[in-house]
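Reading the structure
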Amino acid sequence: MLDALSWYIAIQALGILALPAAFVLFRRLPDRGFTLAKPAAMVFFSYVLWVLGLSHIAPNTQLTIIFILVVAAVPSALLFRRFLAEFKDFVRQHWPMLVAAEVLFIGFFLMWLGIVSEVPAINHTEKPMDFGFMNAVLQSRFFPPEDPWLSGNSISYYYFGHFMMAFLTQLTGVASSVGYNLGVALLPGLVAMGAFGLVYNLVRLSGGSLKAGIVFGGAAPVLILLAGNLEGAMEFVHLRGWAGGGFWEWVGIKGLEGANTGSGAFPDGQWWWFRASRVIDTLSGGQSLDYTITEFPIFSFILGDLHAHVMNLPFVILGLGLCLNLFHSTERLGLRWLRDHPVESAAIALFIGSLAFINISDLPVMAAMFGAVALVKAYGDHEGNLTGAAIDAAVVTVPVLTLAVVLFLPFYSAFEPQTSGILPLQDVNTRPFLLFLVMGLFILLAVSFLFRQLPGLVRPSDSDSSAAVLIMVVASTPFLVWIGLAFIVTWIDDGTKAALDEIGGRMILVIPGLALVALAGFSAMQRARLKLEPATAFPLLLAALAFYLLVGTELFYNVDRFGGGFRRMNTVFKTYYQAWLLLGIVGSYGLYYLWAARSSVQWSLRLGRFAVGPILTARFLRGGRFLWAGAVAVLLVASFYYPVGAVLDRTGILREGHTLDDNTLDGLAFLQQSAPGEYAAIRWLRDDAPWGRMVEAVGDDYSEFARISSSTGLPTVLGWKGHELQWRNSSAPLQGREDDVRAIYSSGDPLEVRRLLEAYGVRYVYLGSRERRTYGGENLADFGEFLRTAFEQDGVIVYEMVQSTAENR
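Definitions and limits used
- Residues numbered from 1 in each chain as written.
- Predicted model: local features only at pLDDT ≥ 70, side-chain atom pairs only at ≥ 80, totals over all residues.
- Heavy atoms only, no water.
- Pairing = 2+ DSSP bridges.
- Helix = DSSP H or I, 4+ residues; strand = E, 2+ residues; numbered from the N terminus.
- Axes fitted to C-alpha atoms, helices over the stretch in contact; angles between N-to-C directions.
- Expected span 1.5 Å × (residues − 1).
- Buried < 20%, exposed > 50% of the residue type's maximum accessible area, 1.4 Å probe, protein only.
- Parallel < 35°, antiparallel > 145°, perpendicular 65-115°, else oblique.
- Contact = heavy atoms within 4.5 Å.
- Nonpolar A, V, L, I, M, F, W, Y, C, P; charged D, E, K, R; others polar.
- Core = buried A, V, L, I, M, F, W, Y, C linked by side-chain atoms within 4.5 Å.
- pLDDT = per-residue confidence, 0-100.
- Phe/Tyr/Trp six-rings, centres within 6.5 Å; stacked < 30°, edge-to-face > 60°.

Strand order in the open sheet formed by 4 strands is 7-8-10-9, with mixed pairing between adjacent strands. Every other strand in the sheet has two partners, leaving strand 7 (693–695) and strand 9 (787–793) as the edge strands with one partner each. Across the sheet, the mean angle from the axis of one strand to that of its neighbour is 25 degrees, orientation sign disregarded. Two strands pair when backbone bridges link them, and strand 9 and strand 10 (residues 796–801) are joined in this way by 6 bridges, in the antiparallel orientation. Of the residues in strand 10, the one forming a bridge with Arg 788 is Glu 800.

Shown next as structure tokens:
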């Protein structure tokens, strides 16, 4: 576990280096940016390394990283010295919060170290892809890194999350197969600390005590990271046989039909917990008409993929922290604000801009949140003058968001979008019961908060008219646009009745969802205008955005390579993951708000001459509270059935014969027994051999094929074809490559083989079990004139081109 200790020391060192700058940047927040310093440091220092590598000013080495950190230590030390007295006073007053935040970070980091050490293998789902990107960064002397699965081409994907994990791996000097799993363990710690800090700040800004901030801030990582969706409760009902076949047919979750699959407390089926990530669907004869992905954080971290949507979680929280900090600026927004706050403006641009490079779908969401926060703040500053507010907000948001794109132009220049547009959704929609299974607890908490804050508002007046019109336009426009498009398309294809039915069937979720958006948005604007607990406006905006996202998936979908019954798979996947985080924060703050306002509202009721309000009101409120608390408690218990069972099944720690002797963080350790020659070859190519392109067997995605390139970062001629097609939206770069690989391993013509190897700049030819099984590969031994044996062990041979034309790095 020395590798884990080195990562912990490294991330703490980065956080300490960034803390003085965070202390100044987040000066308006009660925690002064302490809980956001670590992710901010990861983005900033990785960005510096990326720019240095792009410009060929400095190579991607451990020495360069150390030099960057040493240089950064100078201004950091000066800032710390300048604000030393203020910092001491801050620590003296807020040390319980600082301790709680660090305990959460260490606790979640250690928890996932234990989980991932039980199942470290990088051999399934998206792990090989993520591992390949991380290794490609580590293998690159300069940037951009070459695609490990399409030699000669740069990566066409948002890989900055992998870049940051490679940064830490390079800094600490651990093996990449260990660094990958350390990254999986690090992320929950960062999310826990960041979510805690964000809710803590909201509570304190709302007038809550230090203790309340810690308690309700601590609820955020519990809800966001540890709670599962309610599909787990369905697993339990199915396991107990409490419902018949008709019920499960109505539920419509694949795998939950027929007899139960276990006799204990949890199902016995292999990876039964995977079903919770595929809840929303429409089945016809067992076939999916609306297959979607409904992942949530505990599922993602148990699965252990370092995928973009997972890695972006702490950095989305960082962006939300920047928005909250801006919202509480005491100065009016506008050109003068930009002039007076150039560093803060640049920081917002850098950190929001980096979201696209980590997970591109998060950028428009954060840009919308940033714009909404700026508008609502400016609306309050202008005391209800919406025109002036819009101008001031635009003066700040437009240049900042423009800079956010400009800072990452090299990424955009090499990136090929995976989507080709947006189309109106037809024929399928989300059934309310399935939405309840996925988001039920979070929606209950958010809606409870929305309605509970209503008594704090005032009766709308003419002064609210401009805000009301704006909110109605924003809330209704997507639905009206969808109605126009969907009606025309359906009317042309199926007639007027079908078009009207399509619109009517969509209203059951869309109308209530947009009403919640309008309620939250209007409440936020009135609170900002009248300074009615203005801190509450921020979580209201979060709630509005979350419900807007959920409604959006019922109206439109992103057009990608997945059509038919899979057309909105990724749309639901991305937006529901974002909504989970937003509603988790709103729900945590909502718990505080409901607790703080539990006895602040009194109602009066008179019957004739007799005032009976106090008695009936007390009984009514008490009964309502008990009912609400009971519902929340039931949903909480139901939500935690899943994570307990999933962790036990994934790790197998309660299975007979389980020991801790085989625990490791090495994601390639599974090869040591099953394929020792392959394991040794990977280590040699990764750690000892000079950089060079390679060739290995081509096979199916989500298989053991392309493992060598993925595990070393050395680019192969062709890896997982399906993934490359998704990333590049064209088969042109792949044309002929699979046939050429076959010819390399099977042709007896030395001139043809040499020509192909030189055409692709191949330095290493890997010959292992997959190559022999797929092609034969015996021909390679006859090409001693231009291929020499560079490595051989346990049936694995790595040939190296003599006088290779491949460029060294």
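The phi angle of most residues is negative, glycine excepted, and most peptide bonds adopt the trans form. Each neighbour pair has its own omega, and for Phe 143 with Pro 144 the value is 5 degrees, a cis peptide bond. Tracing the sequence through the fold places Pro 144 in the loop between helix 5 (127–139) and helix 6 (160–172). Residues other than glycine seldom take positive phi values, yet Glu 383 does so here, at roughly 55 degrees. Topologically, Glu 383 is positioned in the loop between helix 16 (362–381) and helix 17 (386–406).

Taking 1.5 Å per residue as the helical rise, helix 6 with its 13 residues ought to reach 18 Å, and the 18 Å between its terminal C-alpha atoms agrees with that figure. For helix 6, the tally of buried residues reaches 12 of 13 residues, placing the bulk of the element in the interior. Along helix 6, the residues classified as buried are Phe 160, Gly 161, His 162, Phe 163, Met 164, Met 165, Ala 166, Phe 167, Leu 168, Thr 169, Gln 170 and Leu 171.

A few words now on the packing of helix 3 (residues 62–82) against helix 6. Helix-helix packing is described using two parameters, namely the angle between the two axes and the distance between the axes. Closest axis-to-axis distance for the helix 3/helix 6 pair is 8 Å, and the angle between their directions is 95 degrees. One element, helix 3, and the other, helix 6, form an angle in the roughly perpendicular class. Residues Gln 62, Ile 65, Ile 66 and Leu 69 of helix 3 form the contact with helix 6, whose own contacting residues are Phe 167, Gln 170, Leu 171 and Thr 172. When grouped by side-chain class, the residues that make up the contact of helix 3 with helix 6 number 5 nonpolar, 3 polar and no charged.

A few words now on the nonpolar core. Ranked by internal contacts, the top residues of the largest apolar core, which has 265 residues, are Met 42, Met 369, Met 439, Phe 547 and Leu 757. Discounting residues that sit within four places of it in the chain, Leu 757 has contacts with Val 695, Ile 744, Val 762, Val 765, Phe 786, Leu 787 and Met 801. Phe 479, Ala 486, Ile 503 and Val 551 belong to the second largest nonpolar core, which has 9 residues in total.

Quick look at the confidence of the model for the protein now. When the pLDDT values of the protein are averaged, the result is 94; 96% of them are 70 or greater. Contacts from residues 601–612, a stretch scored under 50 in pLDDT, to residues over four places away or in other chains number 15 contacts. pLDDT under 50 marks residues 804–809. Its contacts with residues more than four places away, or in other chains, come to 14 contacts.

What follows deals with the packing of aromatic side chains. Two aromatic rings are characterised by how far apart their centres lie and by the angle between their planes. Under the criterion given, the structure shown has 63 aromatic pairs. With centroids separated by 5.4 Å and ring planes inclined at 85 degrees, the aromatic side chains of Phe 236 and Trp 242 adopt a geometry described as edge-to-face. Look at Phe 236 and you get partly exposed, because its relative accessible area is 25%. By relative accessible area, Trp 242 is classed as exposed at 59%. Ring geometry for Phe 266 versus Tyr 641: centroids 4.8 Å apart, planes at 35 degrees, classification tilted.

Spanning 30 residues, helix 7 (residues 176–205) covers 42 Å between terminal C-alpha atoms, matching the ideal 44 Å at 1.5 Å per step. With 28 of its 30 residues buried, helix 7 lies for the most part within the structure. Of the residues one or two after helix 7, Gly 207 is the one with positive phi, at around 95 degrees.

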